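Below, each chain spelled out in residue letters.
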Amino acid sequence: MKKYSLLIVLIMKASYAYCQTFVKGTVTDSSNQPIPLANVTFNGQNQSVKTDTSGVFYLTSEKNFNTITVSCIGFQKKTIALTQASTHELNIVLHNTTTTLNEVRVVSGSAKKRIKKKQNPAYVILENIWKNKKKNGLKLFNFYEYDKYVTTELGFDNLDSLFIKKALTSDYDSVSRKIVKDPQKNKYFVPFELIEKTEKVYGSTLLHKEKTATDGERDVGIKQQGKILDKITHTFKEIDIYQNDIEILSKTFVSPISTQGFGTYEYTLGDSVLEEGKKFYTIHYYPRQTRDFAFYGSFKVADKSFVIVDIDMRTPKKMNLNFVRNFEFKKTYSPLNDSVYLPAKNEYQGYFSLLTKDEKGIYVVRKETFSNYVFNIPQSTDFYDKIVVQTNAHQFDKDPQYWLKLEDKETATVNEVVNKVKNSKKINNVTGIIYTLSDGYINAFDGIQLGNIWASAARNDVEGIRLRFGFRTFKTENDLLKIESYTAYGLHDKKTKFGFEARYLLANNPRITISAAYLNDNEQMGLTQFNGSHLIPEAARSSKALFNRGRNYFISHIEKKMLRFDFEPIKNLHIGITATHNNIESAAPRRFSQNHLDLHSGQIKSQVTDATSDVYITYTPQKISTGFGVDEKEAYTLHPTLMLNFKRGYKGILGSNFNYNRLQVQYNNPIVLGKFGILDATLGSGKTFEALPLSILTAISSNQTYFLLPNTFALLDYYDFVADTYVEGHFEHHLNSFLLNRIPVIKKLNLRSLLTFRGVYGTISNGSKEINRSSIIYVAPTKPYFEYGFGFENIGYGNIRPLRIDFITRSDFENFNGPPNPKHGLRLSIRANF
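Residues numbered from 1 in each chain as written. Predicted model: local features only at pLDDT ≥ 70, side-chain atom pairs only at ≥ 80, totals over all residues. Heavy atoms only, no water.

**Points about the overall build of the chain**
This is how it is decided: Helix and strand labels come from DSSP, where a helix needs a run of H or I of at least four residues and a strand needs a run of E of at least two; each type is numbered from the N terminus. Note on method: radius of gyration uses C-alpha positions; expected globular size equals 2.2 Å times residues raised to 0.38. Relative accessibility under 20% of the residue-type maximum defines a buried residue, over 50% an exposed one, and the middle range a partly exposed one, all with a 1.4 Å probe and only protein chains included. By definition in these notes, contact holds between two residues if any of their heavy atoms fall within 4.5 Å. Neither His nor the chain ends contribute to the count of charged residues, in which Lys and Arg are positive and Asp and Glu negative. The atoms used to mark charge sites are NZ of Lys, CZ of Arg, CG of Asp and CD of Glu.
Each helix and strand counted, the chain has 10 helices and 47 strands in total. Relative to a compact globule of 834 residues, whose C-alpha radius of gyration would be 28 Å, the chain shows 30 Å and is just as compact. Out of the 834 residues in the chain, the part that is buried amounts to 53%. When contacts within the chain are restricted to residue pairs at least 6 apart in sequence, long-range pairs at least 24 apart make up 64% of them. For the chain, the distance from the average position of its 107 positive side-chain charges to the average position of its 83 negative side-chain charges is 5 Å.

So, in structure tokens, the structure goes:
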């Protein structure tokens, strides 16, 4: 650690030596409270820097300067003499001042000196912004059209010259002169992918519809693959600053224009200015709690119309978001007339790192330019519903001249750099490692990947240590055909298991997919009520976890054949049918009996043959998905999900033993509660209408691992509850930083708190009890069963915080099938999410 610290010091000294003048300091008020957003500049130089939320600034120049000036609205300007070229710990104190501006009296202070909301002169301005926000911009027109040019730049930052020399070899001299350099740290930003897209946007405020048609698209450089890089690339969707909450990476940030903003922000009204005869106000803002999901920055407001002309938004350094170093946004609006301002430019920047905020990391910069506005040309409702769907990689290709006309000098330079960087073996290897860590697959051969490495080993009481080897076909993320297969072997039962699945996209508009699978493996039945888009989901089965609680022989051996047809008539609405044939028996018959009474023959049987059809509907409004292959890529956004499934069993078909009908429904909706976080609510219900044996009956979703699994009960053993009619609810309230950020000392841990509650009620029919001859005594939760608790997430070290810990307590129930269940429990979750 000492060596590492020494290395950092040497690097910093080297970077300081590169500059002629370097100043690091802290700006505070007379009460020793930090002043954010103060301007610091060398005398005689126009370029300035702003202090962060801790009042800290870094100022560098390749020229020699001997004085700096520090200024901030509401404070007296101060000039400080520099006695040496490199100054490291400069403490600057500014004194308050009171200024009267025309009809507005501005009184400013530090974040610790609060004044009542209605006494704050910024409140008058914000109140008028809220009143007029529905009368702004495009909302004033019945119909509108405009062109949109979008660039997304993905790259590595905080790279030193040694790394770049090794990565670029012979191209180093030509590239190093063109890439962006941070003069404060003497580190480089190296882009490795540039995505350009042109779109035509049509909208109607009368019909409440908007349509985006892609005209051109180009992807240059090392094309990103994998969940993490994909999430980073698609970090930013359109941000509406007039909404109370802004969603980024499935987290909600309080907008500085929010009607509830005074509960999160401090506002300071700056001087009013005249530009071309028009009056504008500037309001500075910063969060009251520096670890909250909020921003600091400023926005300019036009007088009379009270529309936002431009806004800068940055996240505080201490914001506790996993892997995120910081976000920076800038939105600019151009005047159509004296009272109407339209979007002109947006720039969104995100910076991500693994351990510390100063190490090498990944950045994404998204820029949007709006032009060619046309208004009040009516379009029919059908026009907005007809969407051009991408079906191949070259559908929106354009010639190079098309892009040269659109690119500014900066984008043209990035384009030139990524065309050099894409040939770097070192940078390709780094992006390959990120892909393997995020997705769990290794590129072995052309079109073949090995994995999932995260499911290579597991343990259960039937198989002992379970080893697994798998592969899948993969050329691009837009493959029309995907094939997956795996083989597993148990060191205890000495048996080999395997599975195979193929998925193919028949049509793209509307989307039609077909899937087929064969499985000969052990499964933990009743772990989940609904499967995902894959027929053989990978590591979601509890019997394949590495660490489990108690003894578990309640595992079934299944030979399964499946066919699925999926149809998407409109975006995010899937209608499909799955045909399944199962042969089910206990994987450990001496320990776990699944016997049942055959009413027709009067015999006791241990195996069930089950031929079924499942007709399902899945609706996910507001979900954003991209891609034109059989597997779409889902953006990291909050959206509701409704799943409806009707299962029918067919006796006599292919030896099937039972006729039955089962109806199930599940609804999930993340509810945004502003600064109070997100309530993730799931409700589910199901009913089986006929008597069935244990192997195809509904077991209440339980979990005997030490890890959290969605929509399961952590303190129930498998088959503690069996029901053919049930209603359940799962609620998680993620409070983000609302509570812990307000507790001294604790807030420095950067933890986020949450509350959980789960409950289920169900019954079991006498018919199902009568045919039961298994080792399980049927018990249904006729007295509602509950689990509730609290937890902490964002646990880790530095900038990597993937851990979550829940403390759970359950209600009482009578257990007839094993030793008493624990009354309390501690459960973990490790997720590489933000």
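**Here we look at the sheet that holds strand β6 (residues 78-81)**
Under the convention used in this document: Pairing between strands requires that DSSP locate at least two bridges from one strand to the other. The axes are straight lines fitted to the C-alpha atoms, using for helices just the contacting stretch, and the angles between their N-to-C directions are given from 0 to 180°.
What the four strands build is an open sheet, ordered β3-β2-β5-β6; its pairing is antiparallel. Pairing within the sheet leaves two strands with one partner each, and these edge strands are β3 (48-50) and β6. Looking at each pair of strands side by side, their axes are set apart by 25° on average, direction ignored. Alignment of strand β2 (residues 39-42) against strand β5 (residues 67-71), held across four bridges, turns out to be antiparallel. Residue Asn39 lies in a different strand from β5, and its bridge partner there is Ser71.

**Some remarks on helix α2 (residues 121-132)**
Every α-helix winds through 3.6 residues per turn, so residues three or four apart in the chain are directed the same way. Operational definition: The term polar contact refers here to a pair of N or O atoms within 3.5 Å; inside protein, the definition further demands a hydrogen-donor-capable atom paired with an acceptor-capable atom, and it admits residues adjacent in sequence only when both atoms are side-chain atoms.
By the burial criterion, the buried members of α2 are Pro121, Ala122, Tyr123, Ile125, Leu126, Ile129 and Trp130. The N-cap of α2, judged by a side-chain oxygen 2.9 Å from the amide nitrogen of Ala122 a few residues on, is Asn120.

**A look at the nonpolar core**
In plain terms, the rule: Nine residue types can take part in a nonpolar core, namely buried Ala, Val, Leu, Ile, Met, Phe, Trp, Tyr and Cys, and a core is a set of them joined through side-chain atoms within 4.5 Å.
Ranked by internal contacts, the top residues of the largest apolar core, which has 71 residues, are Ile129, Phe299, Ile308 and Phe327. It is α2 that provides the largest number of residues to this core, a total of six residues. The residues touching Ile308, leaving out its near neighbours within four places in the chain, are Ile129, Ile241, Tyr242, Ile257, Phe299, Lys300, Val301 and Tyr333. Phe554, Phe658, Tyr660 and Tyr778 belong to the second-largest nonpolar core, a separate cluster that totals 27 residues.

**Remarks on the pairing of strand β40 (residues 678-688)**
Relative to β40, strand β39 (residues 660-672) runs antiparallel, the two sharing 11 bridges. Across the sheet, residue Tyr667 finds its bridge partner in β40, namely Leu683. For β40 and strand β43 (residues 725-736), the ladder comprises 10 bridges, and the chain directions are antiparallel. Of the residues in β43, the one forming a bridge with Thr682 is His730.

**Quick notes on the packing of aromatic side chains**
Note the cut-off: The aromatic pairing rule takes the rings of Phe, Tyr and Trp, using the six-membered ring of Trp, and pairs them if the centres are within 6.5 Å, calling planes under 30 degrees apart stacked, those over 60 edge-to-face and the rest tilted. Geometrically, a lysine NZ or arginine CZ counts as sitting over a ring once it is within 6 Å of the ring centre and also within 35 degrees of the ring normal.
Taken as a whole, this structure holds 44 aromatic pairs when the rule is applied. Consider the rings of Phe42 and Phe65, whose centres lie 4.6 Å apart with planes at 10°: the pair is stacked. With Phe42 in strand β2 and Phe65 in the loop between β4 (56-61) and β5, this residue pair connects regions lying 23 residues apart in the sequence. Here Phe42 matches Phe65 in class, with each residue buried. Ring plane angle 70° and centroid distance 5.6 Å describe the contact between Tyr123 and Phe262, whose orientation is recorded as edge-to-face. Taken together, the positions of Tyr123 in helix α2 and Phe262 in the loop between β15 (251-254) and β16 (265-269) put the pair 139 residues apart, joining distant regions of the chain. Phe262 carries the same exposure label as Tyr123, and that label is buried. Within the aromatic cluster, the residues linked to one another by ring pairs are Phe236, Phe253, Phe293, Phe295, Phe327, Phe329, Tyr348 and Phe352. Seen from the ring of Phe280, Lys300 lies directly overhead, with NZ or CZ sitting 5.5 Å from the centre.

**Things to note about the pairing of β5**
Within β5, four of the five residues are buried, leaving the element largely enclosed by the surrounding structure. Relative to β6, β5 runs antiparallel, the two sharing four bridges. Following the sheet pairing, Thr67 is matched in β6 by Ala81.

**A closer look at the pattern of salt bridges**
As a reminder, the rule being used: By convention in these notes, a salt bridge is any Lys or Arg side-chain nitrogen within 4 Å of a carboxyl oxygen on Asp or Glu.
Under the criterion given, the structure shown has 41 salt bridges. Note that Asp171 is salt-bridged to Lys420, the shortest N-O span being 3.9 Å. Note that Asp171 is positioned in the loop between α3 (161-168) and α4 (172-176) and Lys420 in helix α8 (residues 409-421), a separation of 249 residues in sequence. Accessibility expressed as a relative area gives 34% for Lys420, which makes it partly exposed. Within this structure, Glu463, Arg466, Asp493, Lys497 and Asp521 form a network of salt bridges that share partners.

**Re the sheet that holds strand β1 (residues 21-28)**
Hydrogen bonding along the main chain pairs the strands of a sheet, whether they run parallel or antiparallel. The strand order across the open sheet built from three strands is β4-β1-β7, with neighbouring strands paired in mixed fashion. Since the sheet does not close on itself, it has two edges, and those belong to β4 and β7 (86-93), each with one partner. This sheet shows a mean twist of 20° between the axes of neighbouring strands, independent of strand direction. As judged from the six bridges shared by β1 and β7, these two strands associate in the parallel manner. Across the sheet, residue Val23 finds its bridge partner in β7, namely Thr87.

**With respect to unusual backbone geometry**
Gly451 connects to Asn452 through a cis peptide bond whose omega is 5°. Relative to the elements of secondary structure, Asn452 occurs in the loop between β25 (448-451) and β26 (457-460). Cis geometry is found at the peptide bond from Asn509 to Pro510, where omega equals 0°. With respect to the helices and strands, Pro510 occurs in the loop between β29 (496-508) and β30 (511-523). Of note in this structure, His208 is not a glycine but carries a positive phi near 55°. With respect to the helices and strands, the residue His208 is situated in the loop between β12 (187-204) and β13 (209-221). Classification of His208 by relative accessible area gives exposed; the value is 72%. Here the phi dihedral of Asn736 falls at roughly 50°; this positive angle occurs in a residue that is not glycine. Mapping Asn736 onto the fold places it in strand β43.

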